[in-house]
Amino acid sequence: MTIPVEIWHNPACGTSRNALALIRHAGIEPRIVEYLQSPPDKARLREAIAAAGLSVREAIRSKEPAYLANGLDDAALTDDALLDAMLAHPALINRPFVFSPLGTRLCRPDSSLVLDVLPPCDKPFVKEDGEVVIDERGNRVR
C-alpha cells in the first residue's frame, strides 16, 4: 500500500536520513521538505507540533546555539515567542517531522518512530550505524 508521506528533512542529520531510508524501505517516495531552506509558516508549524502530540517547547532543539543565544531557555516565554524564534532560526525546529494519513510523528530521538505512521513493512532494515530496526523475521526491534 502506498500512501502520501511528507518528511521535514535535514540531510546532514543521521536521524533524519534514517527516517527517510525507512520510508523508502516501506516502498514510499515521500515529499521531502528541506525545512532549513523552506521552513513552514507559523500556522503549519503549530499544527505539526500539535498533531505530533507535543508542546512547542518539546519541538524545539535546545542544543542549537541559537537556543541559548536568544534566551529561549526562559520558561516565561510564550509558545508564540518560541514559534517565532523557530521560524527566524529554522535549525531550532526539531527533526524529522513525518506526516502521513496514519499520523504525525517527530522521529527523534529514534528514527524508527516513523514506523508508527507507515503501513507495516516486514523486510529487514538496519540503520546506517548498524542498529537493527526490523529483524530478519520482519519484526520491529524495540
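A brief look at the structure comes next. All figures in this text were calculated on a predicted structure; none of them were measured in a lab. (Residues numbered from 1 in each chain as written. Predicted model: local features only at pLDDT ≥ 70, side-chain atom pairs only at ≥ 80, totals over all residues. Heavy atoms only, no water.)

The next point concerns the packing of aromatic side chains. For any pair of aromatic rings, the description consists of the separation of the ring centres together with the inter-plane angle of the planes. Per the stated rule, a full pass over the model turns up three aromatic pairs. Ring centres 5.4 Å apart and planes at 55° place the aromatic pair tryptophan 8 and phenylalanine 97 in the tilted group. Of this pair, tryptophan 8 sits in strand 1 (residues 6-8) while phenylalanine 97 sits in strand 3 (residues 97-100), placing them 89 residues apart in sequence. The same class applies to tryptophan 8 as to phenylalanine 97, namely buried. Judged by centre distance (6.2 Å) and plane angle (15°), the rings of phenylalanine 97 and phenylalanine 99 are stacked. The same class applies to phenylalanine 97 and to phenylalanine 99, which are both buried. Here the aromatic residues Trp8, Phe97 and Phe99 are joined through ring pairs into a cluster of three or more. (Phe/Tyr/Trp six-rings, centres within 6.5 Å; stacked < 30°, edge-to-face > 60°. Helix = DSSP H or I, 4+ residues; strand = E, 2+ residues; numbered from the N terminus. Buried < 20%, exposed > 50% of the residue type's maximum accessible area, 1.4 Å probe, protein only.)

Attention shifts here to helix 4 (residues 79-88). Every buried residue belonging to helix 4 is among Leu82, Leu83, Ala85 and Met86, and all of these are buried. One side of helix 4 carries all its buried residues, which in axial view fall inside an arc of 160°. On its buried face, helix 4 is in contact with helix 2 (42-51). (Arc of directions from axis to C-beta. Contact = heavy atoms within 4.5 Å.)

All right, on to the nonpolar core then. Nonpolar side chains in soluble globular proteins generally cluster together in the buried interior. Trp8, Ile49, Met86, Leu92 and Phe97 are the most contacted members of the largest nonpolar core, which has 22 residues in total. Counting residues per element, the ones that place at least two in this core are helix 2, helix 3 (65-69), helix 4 and strand 3. For this core, the element with the most residues is helix 4, which contributes four residues. Dropping the residues within four chain positions of it, isoleucine 49 is found in contact with Leu54, Ser55, Val56, Ala59, Leu83, Met86 and Phe97. (Core = buried A, V, L, I, M, F, W, Y, C linked by side-chain atoms within 4.5 Å.)

This is a description of form; function is not addressed.
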